[in-house]
Amino acid sequence: MLRLPSLFQLVAFLSVIISCAHAFSLDTSRSAKHVRAIHQQDCRTRHHNIVSQQFNSRIVMQAAESEQEEDDGWGDSVSTTTASSSDRISKSQELASLQNDMAMKQQNKSTQSSPSADMSESKERDLFIPIFTLVSVIGFSGLYGYEMLRLYSKGELYLPWN
């Protein structure tokens, strides 16, 4: 009978050692690749943002220059048309900045969703918690069952219906 507790202790000890080794193991090749990929995406995003801002500012300035002489259709005089053209320029610049903000938010969302694809490579690390839980439950159930059998064999097991 002394052999069973030592067997359970050995299994429990081995499961703790294996789970700790698995938890603290590092796969540096994958993590370096992941960091490099994120850095490349960040550089591409910054370059794209700079180019799009320059392009949008050119479009806004061209649109503002072409709209200076246009009639807005409200019957305003020429003096109010020049004042409204400055309003149009400021509004078109504001529109361009809002479009840039929206483009940056969409790119941030796409970069945030791309690391989740990289996480699919490390799915095997996600099994640590279920495996550890299963081993723990089986180990504690085995120990509880062993104690019940030991107490029952000595006649010391208390059952409420006896």
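Here's a quick rundown of the structure. In this text the structure is predicted, and so the values were computed from the model without any measurement.

## Observations regarding helix H4 (residues 128–154)
Phase 1 of the analysis: Compared with an ideal rise of 1.5 Å per residue, which puts 27 residues at 39 Å, H4 spans 39 Å between its outermost C-alpha atoms and is within 8% of the ideal.
Phase 2 of the analysis: Following H4 by one or two positions, glycine 155 has its phi on the positive side, about 80°.

## Quick notes on the pattern of salt bridges
Phase 1 of the analysis: This model, assessed by the stated rule, comprises one salt bridge.
Phase 2 of the analysis: Across the salt bridge formed by glutamate 147 and arginine 150, the nearest N and O atoms sit 2.8 Å from each other. Taken together, the positions of glutamate 147 and arginine 150, both in helix H4 and three residues apart, correspond to about one turn of that helix.
Phase 3 of the analysis: Classification of arginine 150 by relative accessible area gives partly exposed; the value is 28%.

## With respect to the packing of aromatic side chains
Phase 1 of the analysis: Counting across every chain of the model gives one aromatic pair.
Phase 2 of the analysis: When the centroid spacing of 5.9 Å and the interplanar angle of 20° are considered together, the rings of phenylalanine 128 and phenylalanine 132 count as stacked. Residue phenylalanine 128 and its partner phenylalanine 132 are located together in helix H4, separated by four residues, close to a single helical turn.
Phase 3 of the analysis: On the basis of relative accessibility, which here comes to 36%, the residue phenylalanine 132 falls in the partly exposed class.

## Comments concerning the layout of surface pockets
Phase 1 of the analysis: Its boundaries defined by the atoms lining it, the second largest pocket holds a volume of some 230 Å³.
Phase 2 of the analysis: Around the second largest pocket sit twelve residues that line it, and Ala12, Ser15, Val135, Ser136 and Gly139 are the ones nearest its centre.
Phase 3 of the analysis: Contributions of two or more residues to the lining of the second largest pocket are made by helix H1 (3–24) and H4.
Phase 4 of the analysis: The element best represented in the lining of the second largest pocket is H4, accounting for seven residues.
Phase 5 of the analysis: Residue composition of the lining of the second largest pocket, grouped by class: nine nonpolar, three polar and no charged.

## Topic: the side chain of asparagine 100
Phase 1 of the analysis: Looking at the secondary structure, you find asparagine 100 in helix H3 (residues 78–119).
Phase 2 of the analysis: Overall, the relative accessible area of 12% leaves asparagine 100 in the buried class.
Phase 3 of the analysis: Sequence-distant contacts of asparagine 100, defined by excluding residues within four places in its chain, comprise Ser52, Gln53 and Asn56.

## Quick notes on a nonpolar patch on the surface
Phase 1 of the analysis: Together, Leu10, Phe13, Leu14, Ile17 and Ile18 make up a nonpolar patch on the protein surface, roughly 510 Å² of accessible area in all.
Phase 2 of the analysis: Take leucine 14: it is sitting in helix H1.

Calculation criteria
- Residues numbered from 1 in each chain as written.
- Predicted model: local features only at pLDDT ≥ 70, side-chain atom pairs only at ≥ 80, totals over all residues.
- Heavy atoms only, no water.
- Helix = DSSP H or I, 4+ residues; strand = E, 2+ residues; numbered from the N terminus.
- Expected span 1.5 Å × (residues − 1).
- Salt bridge = Lys/Arg side-chain N within 4 Å of Asp/Glu carboxyl O.
- Buried < 20%, exposed > 50% of the residue type's maximum accessible area, 1.4 Å probe, protein only.
- Phe/Tyr/Trp six-rings, centres within 6.5 Å; stacked < 30°, edge-to-face > 60°.
- 1 Å grid on protein atoms, 1.4 Å probe; cavity = no way out; pocket = protein on both sides within 12 Å on 5 of 7 lines; lining within 4 Å.
- Points joined across faces, edges and corners; volume = space filled by probe spheres on them.
- Nonpolar A, V, L, I, M, F, W, Y, C, P; charged D, E, K, R; others polar.
- Contact = heavy atoms within 4.5 Å.
- Patch = residues over 30% accessible without salt bridge, like charges linked within 9 Å, V, L, I, M, F, W, Y side chains within 5 Å.
- Areas by Shrake-Rupley, 256 points an atom, 1.4 Å probe, with all protein chains shown as cover.

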